[in-house]
Amino acid sequence: MNILNKSWRRLAHAFAACNASSCLGRLLFVEICLLAGIAGILAWRFPGPGLLLFALVFLLDAPRARLFSRPLAYVVILPFCFLCALGYTALREPAAPPMPQWLQNASSISTGGSVGPVLARVESCTPLPGKRLRLILSHIRPEAAAHEGGAEAQIYAGKAVLTWDNYDPLAQSPLPGQELQANLRFASTRGFLNPGTWDSARYWQDRGIWLRAWGQSFGKKESAAASAGNRPSFSWASSPRAFASQYEAAEFRLEEIRLSLLKAFLAALPESSAGASAILPALVFGDRSLLSYAQNDLFARSTLTHSLSLSGMHLGFMALAGYALARALGALLPGIWLYISRPKLTLLFCLPLTVMYLWLGQAPVSLVRAACMLAFWTLLLFMRKPKVLLDGLFAALAIILLFDPMALFDISLQFSALSVAVVGLCLPGINSLAEALLPRFSNAPAAPAVSGAALWRRRCLREGITLLCLSFCIQLALMPLSVRAFGSAGLLFPLNLIWLPVLGLFVMPLSFLGFFAAALDWQGLAQLFLQAAAVPCEALLALLGFLDRAGWLLSPLMPRPHWASCAGFWLLCITLPGLLLLLRRSGMRNPKDSAERMAGADADKRLAAAWVVLGFVLLLLPPAWALSENRRQGVRLWLLDVGQGQAVLVEWSGLGESRRSGRALIDGGGFASGDFDTGRALIAPALTDNALPRLDMVLNSHPDTDHLSGLLSILEGFTVEHYYSNGGTPTPLLKKREQAVLQKGNLKREIVQAGDKLTLGPDLFLEVLWPPESETSFGMRETGAEKGNNASMVLRLVWQGKALALICGDAEKAALSELVRRSAPDLEARVLVLPHHGSASSLVPDFYDAVKPALALASCGDSSRRRYPAPEIVQALHSRGALIHSTARAGQIRVLWTDPQGVPELRFAFEGAVPHAPFPVSAKKTAEALAR
């Protein structure tokens, strides 16, 4: 019992500092100022989180003010840092460059039309999983202008992003600085505008990229020539195309060398284990192009993705190499230790190796952060200053944010910096925990002798406990950020205990030995090293595959927390362990303690308890607000922005005690390409934003890809009570996936037809108006374009006898005309979700006369060449007094009814959205249409 009490006291002493004030108290004041500056940068984009961070930093570090001779100066300095960072970020906010006349053409930007052959300079190349290459293009101009002269006036000052499919690094490898000639289409970088989800437009604009470019089947059928004739020699003056500076020519030459090294490395990879060999280029060059989507998903769900991302962990291997070189040099020249110490010599070897690794890996921000930390520690070592992990982290963040404050919003830097911060804060306590569980052997003369094997086992156990606890703390701290960004968090983080030691001790050293052998053109030796490095990778993939097939590789969907809940969770992680251990320590008080010491301990407990209470308030406040919203009476219709597809969410709350609230999802969007899962990437994040992954019912209007594909991930990851369909037959691939998902979720496909009524809540239901019961009408059970569309489910949302909305799927002229003949005049609805995305194939004037909509909504893509909604549809509806909006212009659209007889409230994700009309529509006209 005495030993246990001593262990508890040791732990309490280690974690007594784990309250928020003490954690900040361990930082230098200049680092507190940097935290205030980070809050200012954050407040420029997100005022609420930024102000909360600043308030917490200011209040938590307030005890430091007593140490200042003039506390008022302390109070002024932190707000000054906050405001300076806020102003600096505002000045560095990217601005859209002027667009040349040839790009202002409406057919090229608003509808994604082709502008003919263009020339562009390749700015950078980033390999992506699935044999893709992301190209950043600059100096974009039409090819005709280059031949006719006056090309400088035609050059677009901004950048564009282009994704090259079926990229083969051994055959097709453009280099930065080369010219690209291709027939491209351009559109804005505006992605899918669903509030609370990832803003792709802002991501690209922070990097100076304002356009997306693509060619039809680019990299597949259409050839895009990267001109090799203009490759300069090292001296730019001898190049046919003069570079702006010799720096550009040298940079181009270095890229040529890097590409040649990559090709030599890829040529030496073993063909017998192609799957495992895809991991090795990712470790050495950061090239994930050989990884398949399935392999990338396995690493994500097993929480091992960080092992493939070039970061400080990989830079640690450069430190080991530097240490080995220092030891080797000391063995050859023992006298060198008289002039320089081993740590200094190790870091001197590490610096050039780090620069080489930055060059090989194309300097991702996480690796730049680690390199800055290493350089800072080298400086401290030569200045004979103590090296602290958190000091290096703050120095690296200061350097990165000084050059680019927008880097703070890069998710990779957020994950990397938070992981290092957790290590710096938790490692002392974890070491104390390991010491308490496995005390070191005594060195006293009377202590029994201990064998070397016992010492080795004890050390391995200690290191294992340290690694496991550290991994748990990192995963716990990253969980809110991971769930907020990706909607899920992996549960198998203990796999890091298996993979990381193998990666560090075998895979990385063998991979770099293979790299150096390939660089020296020793192909046989390179193949030998890489074959040996691929064996553990093959075993890892086999293990992950087994776990996946057994259903153990879990990454469940979770409610995406509000930013206030994230702040509360992190505050609790810092303060709760300290409070618990302080309470435990107070139960083991020594009666000999002075009254002053006991009073100080009681004050520490009260302060820690106050911060714990604040953490719980921040954690629980957003869910409590959501629950209160569910008590307010209302029906909401959300038209989600899923591009050229359709997804409609009906949400109701406060309608009665039996079914107070619920949600129904009608269709899920989808694209023909299997690389992008609309359900996982767009719909699930929107539906789990501060909400549980639960749906009362899911309906598929018809089994076309752009309506069914995105539903499959929802059916798999959400708790769903009912799944309804029109009975159509999907494509063989979708059918196979649908059957597997339904079997896994113990769901059955319920077929509905005209006359059915689906109850949502008290006096709220969905009427099924189409398809009819007869299976011969319009070939409704057949697949194919028009026949399948005309079998689409048509639903009407009715609340207390008032028709709120009519949702038409992809029904076309034949079905709509027959629906009018059978059901008119009982088709009236306040809101009409346009059939077939607003295509002219659904133009039926009698149908619009029967519906009499005040508001018409179209779900369509912003860069579709079909230009939905069609002008004739807009004209027909506008002449009938309807207001027309589309997701292409407005992003996500929300219509809210608090009373079935009242005027609905209309909200858009894009605040500047304008309705579709033959001529501009006034605000008065808009209000009159909604009030009808």
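Rules used throughout
Residues numbered from 1 in each chain as written. Predicted model: local features only at pLDDT ≥ 70, side-chain atom pairs only at ≥ 80, totals over all residues. Heavy atoms only, no water. Helix = DSSP H or I, 4+ residues; strand = E, 2+ residues; numbered from the N terminus. Contact = heavy atoms within 4.5 Å. Areas by Shrake-Rupley, 256 points an atom, 1.4 Å probe, with all protein chains shown as cover. Pairing = 2+ DSSP bridges. Axes fitted to C-alpha atoms, helices over the stretch in contact; angles between N-to-C directions. Parallel < 35°, antiparallel > 145°, perpendicular 65-115°, else oblique. Left-handed = near helix turned anticlockwise from the far one by under 90°. Nonpolar A, V, L, I, M, F, W, Y, C, P; charged D, E, K, R; others polar. Phe/Tyr/Trp six-rings, centres within 6.5 Å; stacked < 30°, edge-to-face > 60°. Lys NZ or Arg CZ within 6 Å of the ring centre and 35° of its normal. Buried < 20%, exposed > 50% of the residue type's maximum accessible area, 1.4 Å probe, protein only. Patch = residues over 30% accessible without salt bridge, like charges linked within 9 Å, V, L, I, M, F, W, Y side chains within 5 Å. Salt bridge = Lys/Arg side-chain N within 4 Å of Asp/Glu carboxyl O. Expected span 1.5 Å × (residues − 1). Polar contact = N/O pair within 3.5 Å; in protein donor to acceptor, adjacent residues only side chain to side chain. 1 Å grid on protein atoms, 1.4 Å probe; cavity = no way out; pocket = protein on both sides within 12 Å on 5 of 7 lines; lining within 4 Å. Points joined across faces, edges and corners; volume = space filled by probe spheres on them. Disulfide = S-S within 2.5 Å.

Undergrad: Looking at this structure, I do not really get the overall build of the chain. What am I missing?
TA: Within the chain, the regular secondary structure consists of 32 helices and 21 strands. Considering only contacts within the chain whose residues lie at least 6 apart along the sequence, 71% involve residues at least 24 apart. For the chain, the exposed surface amounts to about 42900 Å²; the carbon and sulfur share of it is 62%.

Undergrad: Explain the sheet that holds strand β8 (residues 648-653) here, please?
TA: Strands pair in a sheet through their backbones, by hydrogen bonds, and they do so in one of two ways: parallel or antiparallel. With mixed pairing, eight strands are arranged side by side in an open sheet as β12-β11-β10-β9-β8-β7-β20-β21. Edge positions in the open sheet fall to β12 (749-751) and β21 (905-908), since each of these has one partner strand only. Sheet twist, expressed as the average angle between the axes of neighbouring strands with direction ignored, equals 20 degrees. Bridging between strand β7 (residues 634-639) and β8 involves six bridges; their strand directions are antiparallel.

Undergrad: Explanation requested: the packing of helix α17 (residues 389-403) against helix α18 (residues 411-437) in the structure shown.
TA: Between two packed helices, what matters for the description is the angle formed by their axes and the separation of those axes. Across the interface, α17 lies against α18 with an axial gap of 9 Å and an inter-helix angle of 160 degrees. For the element pair α17 / α18, the angle class is roughly antiparallel. The crossing of α17 and α18 is left-handed. Contacts from L389, L390, L393, L397 and I400 in α17 reach L413, A417, V420, A421, V423, G424 and L425 in α18. Classifying every residue of the contact of α17 with α18 by side-chain character gives 11 nonpolar, one polar and no charged.

Undergrad: Got a minute to help me understand the packing of aromatic side chains in this structure?
TA: Aromatic rings considered in pairs are described by the distance between their centres and by the relative angle of their planes. For the coordinates displayed, the defined rule picks out 16 aromatic pairs. Aromatic ring contacts, followed pair by pair, group F265, F285, Y357, F512, F515 and F516 into a single cluster. R45 extends its terminal NZ or CZ atom over the ring of F409, reaching a point 4.8 Å from the ring centre. One residue, R207, lies across the ring of Y203, its end atom 3.8 Å from the ring centre.

Undergrad: Explain the pairing of strand β16 (residues 802-807) here, please?
TA: The side chains of a regular strand alternate between the sheet's two faces. The buried count for β16 comes to five of six residues, which makes it a mostly enclosed element. In this structure, strand β15 (residues 794-799) lies alongside β16, joined through five bridges in antiparallel fashion. Residue pairing in the sheet places W799 in a bridge with K802 of β16. Connecting the antiparallel pair β15 and β16 is a turn made up of two residues, with Q800 showing a positive phi of about 50 degrees. With three bridges joining them, β16 and strand β17 (residues 831-833) adopt parallel strand pairing. Its bridge partner lying in β17, L806 is registered against L832.

Undergrad: I tried to follow unusual backbone geometry on my own but got confused; where do I start?
TA: Glycine aside, a negative phi is what most residues show, and trans is what most peptide bonds show. Here the residue pair W770 and P771 is connected by a cis peptide bond, since its omega of 10 degrees sits within 30 degrees of zero. Structurally, the position occupied by P771 is in the loop between β14 (764-770) and α27 (785-790). The residue T303 is not glycine, and still its phi comes out positive at about 60 degrees. Turning to its location among the elements, T303 is positioned in the loop between α13 (293-301) and α14 (312-332).

Undergrad: Quick question: what am I supposed to make of a nonpolar patch on the surface here?
TA: The grouping of I498, L543, F546 and W552 at the surface amounts to a nonpolar patch, some 410 Å² of accessible area in total. On the secondary structure map, L543 appears in helix α21 (residues 523-549). Exposure remark for L543: the relative accessible area of 30% places this residue in the partly exposed category.

Undergrad: In this structure, what is going on with helix α25 (residues 705-717)? I would like to understand it.
TA: Structural remark: α-helix, 3.6 residues per turn; residues separated by three or four positions point the same way. The end-to-end C-alpha distance of α25, which contains 13 residues, comes to 19 Å, matching closely the 18 Å that a straight helix rising 1.5 Å per residue would cover. The element α25 is largely enclosed, with a buried count of 10 among its 13 residues. Looking at α25, one finds that the buried residues are D706, H707, L708, S709, G710, L711, L712, S713, I714 and L715. In this fold, the buried residues of α25 make contact with β9 (661-666), α24 (678-687), β10 (694-700), β11 (719-725) and α26 (732-744).

Undergrad: Please explain the pattern of salt bridges as it appears in this structure.
TA: Close approach of charged atoms lets side chains of opposite charge pair. Tallying each qualifying case throughout the model produces 27 salt bridges. One salt bridge in this structure joins D689 and R560, with 3.7 Å as the shortest N-O distance. Here D689 is found in the loop between α24 and β10, whereas its partner R560 is found in the loop between α21 and α22 (563-586), with 129 residues between them in sequence. For D689, a relative accessible area of 27% puts it in the partly exposed group. For R894, the salt bridge identified is with E905, shortest N-O distance 3.6 Å. Pair noted here: R894 is in strand β20 (residues 893-897) and E905 is in strand β21, with a separation of 11 residues, a long-range link. Overlapping salt bridges, with partners in common, bring together R45, E93, R202 and D206 in one network.

Undergrad: Quick question: what am I supposed to make of the side chain of H836 here?
TA: Structurally, the position occupied by H836 is in the loop between β17 and α29 (845-851). A relative accessible area of 14% means that H836 is categorised as buried. Reaching out from H836, the side chain makes a polar contact with the side chain of E812 at a distance of 2.9 Å. Contacts of H836, omitting those with residues within four sequence positions, involve N789, G809, D810, A811, E812, S841, S842 and Y868.

Undergrad: Before we go on, may I ask you to explain empty space enclosed by the protein in this structure?
TA: Which parts of space are left empty comes out when a probe the size of a water molecule is rolled across the atoms. The full count for this structure, using the stated rule, is one cavity of 30 Å³ or more. Looking at the largest cavity, its volume works out to about 110 Å³. What lines the largest cavity is a set of 14 residues, and nearest its centre among them are C125, Y167, P174, R258 and L259. For the lining of the largest cavity, the elements supplying multiple residues, two or more each, are β1 (114-128) and α10 (246-267). Partitioned by chemical class, the residues of the lining of the largest cavity number nine nonpolar, two polar and three charged.

Undergrad: I'm lost on the sheet that holds β14 in this one. Help?
TA: Ordered in space as β13-β14-β15-β16-β17-β18-β19, the seven strands form an open sheet in which the pairing is mixed. The open sheet terminates on both sides in strands that have one partner only, identified here as β13 (757-761) and β19 (883-886). Averaged over neighbouring strand pairs, the angle between their axes works out to 20 degrees when direction is ignored. Sheet contacts for helix α28 (residues 813-823): β14 and β15; angle to β14, the most-contacted strand, approximately 110 degrees.

Undergrad: Before we go on, may I ask you to explain the pairing of strand β4 (residues 179-188) in this structure?
TA: β4 sits mainly inside the fold: seven of its 10 residues count as buried. Of the pairings in the sheet, the one linking β4 to strand β5 (residues 209-214) comprises four bridges and is antiparallel in character. What sits directly across from R185, in β5, is W214.

Undergrad: Help me understand the side chain of R190, please; the structure alone is not making it clear to me.
TA: Checked against the element boundaries, R190 lands in the loop between β4 and α9 (200-205). Overall, R190 belongs to the buried group, its relative accessible area being 15%. Polar contacts involving the side chain of R190 include one to the side chain of D641, which spans 2.7 Å. A polar side-chain atom of R190 sits 3.4 Å from the main-chain carbonyl oxygen of T887. Excluding residues within four positions of it along the chain, R190 makes contact with S200, A201, R212, D641, D862, T887, A888, R889 and G891.

Undergrad: What exactly am I supposed to notice about the state of the cysteines here?
TA: Formally, a disulfide is one covalent bond, and it connects the sulfur atom of one cysteine to the sulfur atom of another. Enumeration according to the criterion identifies zero disulfides in this entry. Left without a disulfide partner, C81 is nearest to the cysteine sulfur of C33, which lies 4.0 Å away. In this model C84 remains outside any disulfide bridge; the closest cysteine sulfur is found in C81, 6.7 Å from its own.

Undergrad: Honestly, the environment of G679 in this entry has me stumped. Any pointers?
TA: As for its placement among the helices and strands, G679 is situated in helix α24. The sequence separation of G679 and V642 amounts to 37 residues, and the corresponding C-alpha distance is 9.1 Å.

Undergrad: Is there a simple way to think about the environment of A740 in this case?
TA: Along the chain, A740 turns up in helix α26. A740 sits in the partly exposed class, given a relative accessible area of 45%. Separated by 24 residues in the primary sequence, A740 and E716 have C-alpha atoms spaced 9.2 Å apart.

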